[in-house]
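# Fold and geometry: a report
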Amino acid sequence: MWDWVRKLAEWSQADEPFAVATVTGHQGSTPAEPGAKLLVRADGAFHGTVGGGHLEQLVLADARACLEKGEARGFRYPLGAKLGQCCGGVVDVFVEPVNHGPRLYLFGAGHVGQALCRTLEDTPFRIHLVDERPEWLHGERIPASVVRHEEPWDVFASRARWDARRTYVAVMTHRHDLDQDIIAFAVEKPARYLGLIGSRTKWARFRQRLEARGMTARQMDRVQCPMGVQIGGKSPQEVAVSIAAGLLQVHHGQSAQTHSDTAASEPPRLREVSSGE
């Protein structure tokens, strides 16, 4: 019997979305026993078997469809003429996407960045924390689940996976020139959320500079600055709570009331907190 546990661990570590299809039950004569598994990637690559033949081809197609939608679902397959099989039995399969949750590319491992890592612990977000300063990146208070990248931001960004549904970006480095360069790069990439820490004044200055570099208004309108929802606090942990709430609102499809879309008057601003503060 193939070692599906080892393969599951291997694919999980790769941070590539895939689906696990498990035979949960059967009736009559069938080619698969309960517990048989298929691991299926979006590109069609797979490991394991649920019995082969036309049944397996249908399971592969249904698993890829579930992966595309990010939904877990059960399927029932009568093994009759429509499947080109004469077993006469019925197979039940449950398909569950894995590694399909949101990924946060967090640039900056300073006080707010570390607090945001802690705040998002045990949420759907898988965090990739990027900072070339080891003394910040390897802080003891950063959860073990955070994937740390001790390298320049552009090295990480050039090989990262960018996805219009799964990728979230939060920029809060220790230098404004780095923040600006990261934003200029990220607006060219597909992402569901692109946020920059700081005040409206900071963003107005950035916007002028980015316009001079050829960025379009539509691209710059993607940027949330300030980030988060209004809670009024200014400490790193309170700022992190505000940002985390905004990220979760977007992920769960809620109508977020952000700092940047409030109406009449200037809201209480987040400090332009740098990661070195």
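Residues numbered from 1 in each chain as written. Predicted model: local features only at pLDDT ≥ 70, side-chain atom pairs only at ≥ 80, totals over all residues. Heavy atoms only, no water.

Right, let's get into the layout of surface pockets. For the largest pocket, the calculated volume is near 200 Å³. The wall of the largest pocket is formed by 13 residues, among which Pro-17, Ala-42, Asp-163, Arg-165 and Arg-166 lie closest to the centre. In terms of residue count, helix α2 (residues 53-69) provides more of the lining of the largest pocket than any other element does, three residues in total. Partitioned by chemical class, the residues of the lining of the largest pocket number four nonpolar, one polar and eight charged. If you add up the space inside the second largest pocket, you get close to 170 Å³. Surrounding the second largest pocket, Glu-68, Lys-69, Gly-70, His-100, Gly-101, Pro-102, Arg-165, Arg-166, Arg-192 and His-251 form its lining. By residue class, the composition of the lining of the second largest pocket is one nonpolar, four polar and five charged. (1 Å grid on protein atoms, 1.4 Å probe; cavity = no way out; pocket = protein on both sides within 12 Å on 5 of 7 lines; lining within 4 Å. Points joined across faces, edges and corners; volume = space filled by probe spheres on them. Helix = DSSP H or I, 4+ residues; strand = E, 2+ residues; numbered from the N terminus. Nonpolar A, V, L, I, M, F, W, Y, C, P; charged D, E, K, R; others polar.)

A word on the environment of Leu-196. Topologically, Leu-196 is positioned in strand β10 (residues 193-196). Leu-196 sits 23 residues away from Thr-173 along the chain, and the two C-alpha atoms are 9.5 Å apart.

Further remarks concern the confidence of the model for the chain. Regions with low pLDDT carry predicted coordinates that are not meant to be interpreted in detail. In this model, the chain carries a mean pLDDT of 87, and residues with pLDDT of at least 70 account for 88%. Considering only residues more than four positions removed or in separate chains, one finds that residues 257-277, a stretch of pLDDT under 50, has 67 contacts. (pLDDT = per-residue confidence, 0-100. Contact = heavy atoms within 4.5 Å.)

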